[in-house]
Amino acid sequence: QVQVVESGGGLVQAGGSLRLSCAASGRTFNNYNMAWFRQAPGKEREFVSAIMWSGVGTRSADSVKGRFTISRDNAKKTVSLQMNSLKPEDTAVYYCAADVGNGALSAREASYYYWGQGTQVTVSS
């Protein structure tokens, strides 16, 4: 069983930065690939970024490459998403998710079994 809790959302002006954090419980956290997804109003949830269980490999959606950075601290059982140069189109509820596997990084929702409740990010123009 893994529980994930997101924090760090808020309101920021376009061009600003936010850092989201995801705190996870469970003894096997270090074995799980982790990811961030987001869902904007009226849209389907979409992949943002993912990181390997080891922290060595990452992948990100084209829309956030060069602006968002995912990282993890296995000792603290946390995953972070540093978001820079934010745009109004980044406004969404951001979700942290855990993949119970530790194979190749996936951008598919179905690959992730444990989800947090989400944290709201609003970027004003």
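Anything mentioned here points back to the structure above.
Residues numbered from 1 in each chain as written. Predicted model: local features only at pLDDT ≥ 70, side-chain atom pairs only at ≥ 80, totals over all residues. Heavy atoms only, no water.

Novice: When you look at the overall build of the chain in this model, what are you seeing that I'm missing?
Specialist: Helix and strand counts for the chain stand at 0 helices and 11 strands. In the chain, the order of α-helices and β-strands from amino to carboxyl end is β-β-β-β-β-β-β-β-β-β-β. In terms of C-alpha radius of gyration, the chain reaches 13 Å, essentially the compact-globule figure of 14 Å for 125 residues. Principal axes of the C-alpha set define a box for the chain whose edges measure 40 × 25 × 25 Å. With 125 residues in all, the chain has 44% of them scored as buried. Counting only contacts in the chain whose residues sit at least 6 apart along the sequence, the fraction spanning at least 24 positions is 61%. When the accessible surface of the chain is totalled, it reaches about 6,400 Å², and 46% of it is carbon and sulfur. Taken together, the 13 basic and 9 acidic charged side chains of the chain have centroids lying 6 Å from each other. (Helix = DSSP H or I, 4+ residues; strand = E, 2+ residues; numbered from the N terminus. Rg over C-alpha atoms; globule rule 2.2 N^0.38 Å. Buried < 20%, exposed > 50% of the residue type's maximum accessible area, 1.4 Å probe, protein only. Contact = heavy atoms within 4.5 Å. Areas by Shrake-Rupley, 256 points an atom, 1.4 Å probe, with all protein chains shown as cover. Lys, Arg positive; Asp, Glu negative; His and termini not counted. Charge placed at Lys NZ, Arg CZ, Asp CG, Glu CD.)

Novice: I keep staring at the nonpolar core and nothing clicks. Help me out?
Specialist: A general trend in soluble globular proteins is that nonpolar side chains are found buried together. Counting 37 residues, the largest nonpolar core has M34, W36, F68, V79, L81, M83 and Y94 as its most contacted members. If you list the elements that add at least two residues to this core, you get β3 (18–24), β4 (33–39), β5 (46–51), β7 (68–73), β8 (78–83), β9 (92–99) and β11 (119–124). The element contributing the most residues to this core is β9, with 5 residues. (Core = buried A, V, L, I, M, F, W, Y, C linked by side-chain atoms within 4.5 Å.)

Novice: Whenever I open this one, the environment of A14 confuses me. Can you help?
Specialist: Looking at the secondary structure, you find A14 in the loop between β2 (10–13) and β3. A14 sits in the partly exposed class, given a relative accessible area of 41%. In this structure the C-alpha to C-alpha distance between A14 and M52, which are 38 residues apart in sequence, comes to 30 Å. For A14, the contacting residues outside a window of four places in its chain are L86, P88, V123, S124 and S125.

Novice: I tried to follow the state of the cysteines on my own but got confused; where do I start?
Specialist: Cysteine pairs can be linked by a disulfide, which is a covalent bond between their two sulfur atoms. Scanning the entire structure with this criterion turns up 1 disulfide. Sulfur-sulfur distance for the disulfide between C22 and C96 comes to 2.1 Å. Torsion about the S-S bond of the C22 and C96 cystine: about -80°, corresponding to left-handed handedness. Linking C22 in strand β3 with C96 in strand β9, this pair joins segments that are 74 residues apart in sequence. C96 shares its class with C22; the two are buried. (Disulfide = S-S within 2.5 Å.)

Take it as geometry only, folks, not as evidence of what the structure does.
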